[in-house]
Every structure is written in structure tokens, then in C-alpha cells.
Amino acid sequence: MMKAIIVREYGPPEVMAVEETNLPEPVGTQVLVKIHAAGVNPVDTYLRSGIHAHAPKLPYTPGKDGAGTIISVGPNVTRFAIGDRVYTAGSISGTYAENSICDETQLDRLPDNISFAEGAGIWTPYATSYRALFQKAECKAGETVLIHGASGGVGLAAVQWASSAGLRVIGTASSEEGRDLILRNGADAAFDHTDIDHFTDIWEATGGSGVDVIIEMLANVNLERDFECLSPFGRIVVVGSRGSIEFTPRLTMTKEATILGMSLFNAPPDAMDEIHKAIGYGLKNETVRPIVAKEYSLEEAAQSHRDIIETKATGKLVIVP
Ligand code: NAP
């Protein structure tokens, strides 16, 4: 038997209850991973509420990010063996649990110098930010990028990717601790996105040329005003948005700007392969360094969901089953 969070109805964080359930058996190319840490992502809260296009069939165990050790393998597994340390990039049975069934294609090796809690903060943040920066905006060394919302999981990963790729990086956070963290992770400047003047300040920080790219974490709040600090021919990637906005389309004409939407759910297999390779290389040369802000027990899963939406970010929230 094992403990797992089971969601039996969509709703508020409290619908996540810890239950005793049978230990699943891996078949075919599946493996059973003992989960030492599970990553909490905003998308987990949208799925739990039932408001997301990919809302899972009930009942289900949340979580696709995690890290742990393999404790059993299906008969057709070729890439992994019992005892391997891995991080998950998806899960069949969910990672908010003591153990999780994954297909071997959903796993990658976790180097010894990365803790399990850090490993749980790899997949969604680094894959999303990599796709936004390099596969959507096609960022190049020497360009300036604004990571608009840089203190959370995706934002800090974006800061690390962009600074190691030779971009000039500007990040934003609403807390001083968040701004310090952004600077310590390689950003050249940090601003407060709750300051109504920060768009002008960022414009001035670029010497009046504007940022080439904006990675936008809250488009429903910022998309209209992003144009105040965007360079001509600039690109904006909408990574996060939690509502609607009144928008002036002429802004895109004046600057011949491009607005790109992205969802990791849509990444095709070749894009996924590129992301896996980049993360593997980044873990090896230590440019991928997940930052853990807080750990929760399985029983505290509901609190982790409240915190990821309501509190100021300083890295990743993880559940340690
Ligand atoms: P997170 O760890 O909770 O971080 C949220 C970030 O948003 C923090 O840096 C926060 O800064 C920032 N933020 C809050 N108010 C803001 C504002 N007015 N302007 C700009 N930024 C603001 O979440 P995450 O994992 O980094 O994810 C960030 C967003 O991307 C979420 O909306 C998530 O749903 C989305 N996402 C999308 C994809 C995709 O495939 N498109 C994948 C993963 C995540 P402070 O806390 O310092 O205020």
C-alpha cells in the first residue's frame, strides 16, 4: 500500500485528500518511481479546479513533475534500472504520491549533485522557459530579454537559461527577496512589477532602445503596457495569463511587434527532444540550478496550492511525500 493524494471532485484545494491506495505494478515500458519530491505548478491548481482544457478524468492524483528513485521496472524497459535517480517529465499515475507510475520516455536521469527537491523543480519550469525563449521567441546572444515575473519556477529558470545563453536579462518580482534572487541567478537588473512606473524604468534601463523580447507571466495584467518597454520589431511570448484584457491592436502595428502564445502541452516530439537534451546539458554544466523556496508534506498539499496562487514567489514549491 502507499499514500497518495486523490481528487474525487473538481474544486478548491481541500478536494485534495491523502488516501491509502494499492501500490501500482509497472507493465510494458513503465517504471515505478519512489517519489522523494513532487513539483507544485500553477497548472496543477487549474486542473484541480476543473477549469483547464486538459482537466483529467476523475478520480485522479495530481502532479506531473517529481524526482525519486526507480523501485521496479516493466518487462520492456530498456533505458533505466532499479536504483536509478530520475526526474519526471510527466507521469501516468500522478506525482503527489509516495510512488508514481511513469513511462520510461517520461524520465531523465537526475545527477547526484541535484537533490530530489531540486529535481522536482526541473521539468515544467525549465521546459516552459526553454520553449518560450528559444523555440518561440528565438532569442539570440546579445539581445535583451525582460522576464516579466522572474521570481517563480518558470521565471528563475528563464533567467538562468537566458543569462547562460549570453542575453542581457531584466527580471521582475514584487518582493525584495524575489529581486535579490533574480540578480543572484544571473539577471543584470531587477524591477518591481507592482510599481506602475516599472515599464518606463525598464525602457530607460535599456537606454531608450527597449527590450527585444518579453517573456510574459501575467498577460492579462501586462500585455497592453508591455509595449511601453518593447523595442521596434520586438517579440512577446505569452506564457501565463489568468483572465482577459482590453487591448489596443494598433500597438502591434506601430512597433511591428509579434505576440506569440505558448503552451507546453502543444510542444511536438522534436521540440521535446531538444528540451530534454538542453536540460541534460544544463544539469551537467550547472547552468540548470532549480531553486526550492518551500517544502510541504503530502498532508499539506492544499496549502501548497493556496500558496502558489496567493503568496509572493521565491522559487519552487515542492511536496515531499
Ligand atoms: P509561480 O512560481 O507561482 O510564479 C509566478 C510568477 O508570476 C512570480 O514570479 C510572480 O512574481 C509573477 N507575477 C505576479 N504578479 C505579476 C505581475 N503583475 N506581473 C508579472 N509577473 C507577476 O508560477 P510559475 O510556475 O513560474 O508559472 C508562471 C506562469 O506561467 C503561471 O501563470 C503559469 O500558469 C504559467 N505557465 C504556463 C506554461 C505554459 O505552457 N504556457 C507552463 C508553466 C507555467 P511575485 O510573486 O514576485 O509577485
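Residues numbered from 1 in each chain as written. Predicted model: local features only at pLDDT ≥ 70, side-chain atom pairs only at ≥ 80, totals over all residues. Heavy atoms only, no water.

1. Focus on the packing of helix α3 (residues 123–136) against helix α4 (residues 153–164)
1) Next: One way to put it is that α3 packs onto α4 with a least axis distance of 8 Å and a crossing angle of 55 degrees. Regarding the angle of α3 to α4, the classification is oblique. Considering the relative orientation of α3 and α4, their crossing is right-handed. Along its contact with α3, which presents P125, Y126, T128, S129, Y130, L133 and F134, the element α4 presents G153, V154, A157, A158, Q160, W161 and A162.
2) Next: Residue composition of the contact of α3 with α4, grouped by class: ten nonpolar, four polar and no charged. (Axes fitted to C-alpha atoms, helices over the stretch in contact; angles between N-to-C directions. Helix = DSSP H or I, 4+ residues; strand = E, 2+ residues; numbered from the N terminus. Parallel < 35°, antiparallel > 145°, perpendicular 65-115°, else oblique. Left-handed = near helix turned anticlockwise from the far one by under 90°. Contact = heavy atoms within 4.5 Å. Nonpolar A, V, L, I, M, F, W, Y, C, P; charged D, E, K, R; others polar.)

2. A few points about the sheet that holds strand β11 (residues 211–216)
Within a sheet, neighbouring strands are paired by backbone hydrogen bonds and run either parallel or antiparallel to one another.
1) Next: Across the sheet, six strands lie side by side as β10-β9-β8-β11-β12-β13; this open sheet has parallel pairing. Pairing within the sheet leaves two strands with one partner each, and these edge strands are β10 (189–191) and β13 (258–261). Between one strand axis and the next, the sheet turns through 20 degrees on average, direction left out of account.
2) Next: Sheet topology places strand β8 (residues 144–148) next to strand β9 (residues 168–172); four bridges connect them, and they run parallel. (Pairing = 2+ DSSP bridges.)

3. Things to note about the site of the ligand
1) Next: The immediate surroundings of the ligand are formed by 28 residues, with Y46, S151, S174, L264 and A313 found nearest.
2) Next: Interatomic distance of 2.5 Å between a side-chain N/O atom of Y46 and an oxygen atom of the ligand.
3) Next: Take A313: an N or O atom from its main chain is 2.7 Å from an oxygen atom of the ligand.
4) Next: Protein contact buries 87% of the 920 Å² of open area that the ligand shows by itself.
5) Next: Those elements that place two or more of their residues in the shell around the ligand are α1 (42–49), α3, α4 and α7 (219–226).
6) Next: Classifying every residue of the shell around the ligand by side-chain character gives 13 nonpolar, 13 polar and two charged. (Near = heavy atom within 4 Å. Polar contact = N/O pair within 3.5 Å; in protein donor to acceptor, adjacent residues only side chain to side chain. Areas by Shrake-Rupley, 256 points an atom, 1.4 Å probe, with all protein chains shown as cover.)

4. Focus: the pairing of β11
1) Next: Counting buried residues along β11, five of its six residues qualify, which places the element largely inside the surrounding structure.
2) Next: The sheet contact formed by β8 and β11 spans four bridges and is parallel. Considered in β11, the bridge of L146 is made with I214.
3) Next: Note that β11 and strand β12 (residues 230–238) share five bridges and pair parallel. Note that in β12 the partner of V211 across the bridge is L230.
4) Next: For the segment spanning β11, α7 and β12, crossover handedness is right-handed. (Buried < 20%, exposed > 50% of the residue type's maximum accessible area, 1.4 Å probe, protein only. Right-handed = clockwise from strand over helix to strand, strands pointing away.)

5. Thoughts on the packing of α3 against helix α9 (residues 269–284)
1) Next: The geometry of α3 relative to α9 is characterised by a closest axis approach of 10 Å and an angle of 115 degrees between their N-to-C directions. Judged by the angle between their axes, α3 and α9 are roughly perpendicular. For α3 against α9, the interelement crossing comes out right-handed. Of α9, the residues touching α3 (which contributes W123, Y126, A127, Y130, R131 and Q135) are A271, M272, E274, I275, H276, A278 and I279.
2) Next: Among the residues making up the contact of α3 with α9, the classes are represented as nine nonpolar, two polar and two charged.

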